[in-house]
Amino acid sequence: MRCASLRVPLDYSHPSGRKITLALSEVPATAPAAQQLGDLLVNPGGPGASGRSLAAVVATRLDRSVSAKYNIIGFDPRGVGASVPALHCDPSFFAGARPDYIPANQREEQVLIGRARRYAADCEHRYGWLLPFMTTADAARDMDAIRVALGQQQISYFGYSYGTYLGQVYATLFPHRLRKMVLDSVVDPRGVWYADNISQDYAFEGRIRAFFSWVADHDAVYHLGSTEAQVQRAWDQARARLEARPVPGPSGPMIGPDEFDDTFLQGGYSNSLWPGLADALAAYLHQHDNGPLASVYQEVGTQPENLFAVYNAVQCSDVNWPRSWAKWDADTRRVFRTAPFLAWDNAWFNAACAFWPVRGPARPLQIRGAGLPGILMIQGTLDAATPYRGALVARRLLPTARMVVVLRGGNHGQSLAQPPNTCVDGYLNNYLATGALPQRAGLVNAVCPATPLPSPGG
């Protein structure tokens, strides 16, 4: 893998003005020059996730005969990771156990509102000059600057999750610069971002209940209950215990109810985590052993503040959010009645947008799909982070796209997964190698089965 940096304009309306720096990586093509297919930019989502390491993941998990034909290029978007500057608004924001996401009364809610308001103010204080230029459209312009620096007339693109929205925006702004595009786990571009987050709340409720049912099916292993309701009660018991007495860390309380929620939320993204999460819950409740819970929290549940800062900087600026907290409160309480798992967690993760110093446009960028090359879309029907219904919206807006649907697939990111879905990866490899797309008529153009649920302990 090779590394590079690229200076780009802070503000593309003043291209000769202040510059910022993007960090890039590349796994170069190894096929003979006559067989090579150009540059493939990859993005893992977020917004705020580092993309440099994804180049190696894609290069090693694609069929070798396909990856050898591309220069596979990862990049840290503006504000992220090794790009300069890297956005950090309050590095201590996630230090120690935080106030419970679910406010028991108005006083507790005001404490959480205050945290969100201060975070927005800290971002303005530290990076007020950068925040107006952190939109998805700015990131798409950066992608085109990478294309220019590579000396290419066209690039190909492969994005997951938020990266699918970045791809849709790039295709809208630079339709003639796109050669191929893969969108895996697709954002609804019309719900950006307030409505999309509410849609997530309902979908993640289904995923946590699927986890509870899976644990119940393996009661002989975990002894947490033989029904979904019994496992939920065990989970609620653990959460209440952590609120009363957080798991200690090296420098004070480390895992309270928020950190517990953040950790189990990751099981909604990938059911490969279910055995480890169930082991940790059982050890905590039955043996009073904090070790497995602390391990899984440190492995998947911690919140990188740089990712959080960029997430807010992008989403709060892409489109204007409701500025009345009364609306947030009413909507969250309504969702909580039927989808309590993520409702308040998601509200507080985005709450800084109610106080953000940059006011985005009233409506999201209108995605335009006319004149694009063939696009491959991949979507699980039970995906919680980018729900299936929203992917169908995107499919309708991209008439040259063809969609592979994974029936009862709940994982977020269906291609190049571990364990692999050979059906999905077959469509992906074929498309990247030849441009071939599934041809069945309608919005759903091919169907793959989901990979089996994991076995206990692995």
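A short tour of the structure in this document, coming up. Within each chain, residue numbers correspond to sequence positions counted from 1 in written order. For a predicted model such as this one, the threshold for reporting local features is a pLDDT of at least 70, and the threshold for listing and counting side-chain atom pairs is 80 or more; totals across whole chains, interfaces and linings nevertheless cover every residue. Side-chain measures here rest on the full set of heavy atoms in the structure, leaving out hydrogens and waters.

### Section: the pattern of salt bridges
Opposite charge on two side chains lets them pair, provided their charged atoms get close. For this document, the term salt bridge refers to a Lys or Arg side-chain nitrogen within 4 Å of an Asp or Glu carboxyl oxygen. In total, this model carries 14 salt bridges according to the counting rule given. A salt bridge links Arg52 to Asp76; its shortest N-O distance comes to 3.0 Å. With a gap of 24 residues between them, Arg52 in the loop between strand 3 (39-43) and helix 1 (54-61) and Asp76 in strand 4 (residues 71-76) connect regions that are remote in the sequence. Only protein chains enter the calculation, and the probe is 1.4 Å; a residue is then buried if its accessible area is under 20% of its type maximum, exposed if over 50%, and partly exposed in between. Taking the relative accessible area as the measure of exposure, Asp76 reaches 0% and is therefore buried. Starting at the N terminus, helices and strands are each numbered in turn, a helix being any DSSP run of H or I of at least four residues and a strand any DSSP run of E of at least two.

### Some points on unusual backbone geometry
Along the chain, Val84 connects to Pro85 via a cis peptide bond; the corresponding omega equals 0°. Here Pro85 is to be found in the loop between strand 4 and helix 3 (106-127). Positive phi, normally seen in glycine, also occurs at Arg408, with a value near 60°. Within the element layout of this structure, Arg408 appears in the loop between strand 10 (401-407) and helix 16 (422-434).

### Some words on the packing of aromatic side chains
Ring geometry is summarised as follows: Phe, Tyr and Trp rings, the Trp one being its six-membered ring, pair when their centres sit within 6.5 Å, and such pairs are stacked at plane angles under 30 degrees, edge-to-face over 60 and tilted between the two. For the structure shown, the criterion picks out 31 aromatic pairs. Between Phe204 and Tyr269, the ring centres sit 5.3 Å apart and the planes meet at 55°, which makes this aromatic pair tilted. Remark: Tyr269 occurs in helix 9 (residues 257-269) and Phe204 occurs in helix 6 (residues 194-217); sequence separation between them is 65 residues. On the basis of an interplanar angle of 20° and a centroid distance of 6.5 Å, the ring pair of Trp325 and Phe355 is categorised as stacked. On the criterion of sequence distance, the pair formed by Trp325 in helix 13 (residues 325-338) and Phe355 in the loop between helix 14 (343-350) and strand 9 (375-380) is long-range, its members being 30 residues apart.

### Focus: the pairing of strand 3
Among the 5 residues in strand 3, 5 count as buried, and that is most of the element. The two faces of strand 3 match: Asp39, Leu41 and Asn43 on one face and Leu40 and Val42 on the other face are all buried. Any two strands are treated as partners once DSSP identifies two or more bridges connecting them. Bridge analysis of strand 3 against strand 4 gives 4 bridges, and the strand direction is parallel. Opposite Asp39, over in strand 4, you have Asn71 as the bridge partner. In terms of strand pairing, strand 3 meets strand 5 (residues 155-160) through 4 bridges, oriented parallel. Paired with Leu40 across the bridge in strand 5 is Ser156.

### Some points on the sheet that holds strand 4
An order of 1-2-4-3-5-6-9-10-11 is seen for the 9 strands of this open sheet, with the pairing classed as mixed. Each having just a single partner strand, strand 1 (2-9) and strand 11 (446-449) make up the two edges of the open sheet. Neighbour to neighbour, the strand axes of the sheet diverge by 20° on average, direction disregarded. As paired elements, strand 6 (residues 178-184) and strand 9 share 4 bridges and run parallel to each other. Within the sheet, the bridge partner assigned to Val182 lies in strand 9 and is Leu376. Pairs of residues are marked as contacts when any of their non-hydrogen atoms sit within 4.5 Å. Orientation is described by lines fitted to C-alpha atoms, with helices fitted over the stretch in contact, and by angles between N-to-C directions that extend from 0 to 180 degrees. Relative to strand 1, helix 4 (residues 136-150) is tilted by about 120°, and along the sheet it contacts strand 1, strand 2 (19-27), strand 3, strand 4 and strand 5.

### Describing the packing of helix 10 (residues 274-286) against helix 11 (residues 291-301)
Close contact between helix 10 and helix 11 brings their axes to 7 Å; oriented N to C, the two are set at 145°. Where helix 10 crosses over helix 11, the handedness of that crossing is left-handed. Residue-level contacts link Leu277, Ala280, Ala283 and Tyr284 of helix 10 to Pro292, Leu293 and Val296 of helix 11. Its residues assigned to classes, the contact of helix 10 with helix 11 shows 7 nonpolar, no polar and no charged. For any pair of crossing helices, the crossing counts as left-handed if the nearer helix is rotated counterclockwise from the farther one by less than a right angle, and right-handed if it is rotated clockwise. Under this grouping Gly is polar, as are all residues other than the nonpolar Ala, Val, Leu, Ile, Met, Phe, Trp, Tyr, Cys and Pro and the charged Asp, Glu, Lys and Arg.

### Overview of the side chain of Ser67
Mapped onto the fold, Ser67 is located in helix 2 (residues 64-67). For Ser67, a relative accessible area of 10% corresponds to the buried category. Polar contacts, as counted here, are pairs of nitrogen or oxygen atoms within 3.5 Å of one another; within protein the pair requires one atom able to donate a hydrogen and one able to accept it, and residues that are adjacent in sequence qualify only if both atoms are side-chain atoms. At 3.4 Å, the side chain of Ser67 forms a polar contact with the backbone oxygen of Arg64. In this structure, Ser67 is in contact with Ala59, Leu62 and Ile72, ignoring residues within four places of it in sequence.

The values reported here are purely geometric and, on their own, carry no functional implication.
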